[in-house]
Amino acid sequence: MATVFIPGSFDPLHLGHIDVVDQARELFGEVVVGVLHNPEKPSGMFSPTERVELAGASLDGRAGVSVRDFTGLAVQAAADVGADFIVKGLRSAADYDVEQQMAHNNRAVTGIRTVFVPCRPEYAFISSRYIREIASHGGVIGHLVAAPVAAALAARFA
Ligand code: PNS
């Protein structure tokens, strides 16, 4: 058993994220999802509070999984929750290029290591950015997100 921290923007959390959380639960046991809240740079579709609520509702019922927001460094937030590792999902080689640099930087700061989890191939095309864009134009996103996020997007663009 280990505790892992999964940081991200989660604006909004989607099925690819949920798959990575589920894999991390199977592999490690305890998962803390950390939603980045940068008070100096408010941006995005949903507020950090809304993102935490939507992620929590989307992951509801999963034992060992919790959601919180964090400010500052992901490594500090990981230490604050007693995480043994950071977990990041990978969709592609492009993700790897970004993530491996972040992993090296994070390890250099506190020594914490990052474990990469490849998402299931059927989710590899999903991104929060495109979900926001499709939903904003009234497109169908219900097959890409959990029901609470689909409802929140529908309400946002009603
Ligand atoms: O979902 P995202 O936007 O790809 O997540 C990026 C995130 C939040 C994981 C990354 O920007 C991050 O960890 N930010 C916190 C600040 C930090 O720790 N910066 C140093 C990274 S090496």
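Residues numbered from 1 in each chain as written. Predicted model: local features only at pLDDT ≥ 70, side-chain atom pairs only at ≥ 80, totals over all residues. Heavy atoms only, no water.

Novice: Can you explain the site of the ligand? Please cite residues and give values.
Specialist: In the neighbourhood of the ligand, the contacting residues comprise P7, G8, S9, L36, G72, L73, A74, K88, M102, N105 and N106. One of the side-chain nitrogen or oxygen atoms of S9 is found 2.5 Å away from an oxygen atom of the ligand. Here A74 contributes a backbone N or O atom positioned 2.9 Å from an oxygen atom of the ligand. Every element with two or more residues in the shell around the ligand is listed here: β1 (2-8) and α4 (93-110). Per element, the largest residue contribution to the shell around the ligand is three residues, and it comes from α4. Taken together, the residues of the shell around the ligand sort by class into five nonpolar, five polar and one charged. (Near = heavy atom within 4 Å. Polar contact = N/O pair within 3.5 Å; in protein donor to acceptor, adjacent residues only side chain to side chain. Helix = DSSP H or I, 4+ residues; strand = E, 2+ residues; numbered from the N terminus. Nonpolar A, V, L, I, M, F, W, Y, C, P; charged D, E, K, R; others polar.)

Novice: Just give me the short version of the nonpolar core, but keep the residues and values in it.
Specialist: Within the largest apolar cluster, 34 residues are counted, with the highest numbers of intra-cluster contacts made by I6, V31, V87 and L153. Counting residues per element, the ones that place at least two in this core are β1, α1 (15-28), β2 (29-36), α2 (48-58), α5 (128-136) and α6 (147-156). Here this core gets six residues from one element, more than from any other, and that element is α1. If we ignore the near neighbours within four places in the chain, the residues touching I6 are V20, V21, A24, V31, V32, V33, G34 and V87. Among the nonpolar cores identified, the runner-up in size contains 11 residues, and V75, A77, V81 and I112 belong to it. (Core = buried A, V, L, I, M, F, W, Y, C linked by side-chain atoms within 4.5 Å. Buried < 20%, exposed > 50% of the residue type's maximum accessible area, 1.4 Å probe, protein only. Contact = heavy atoms within 4.5 Å.)

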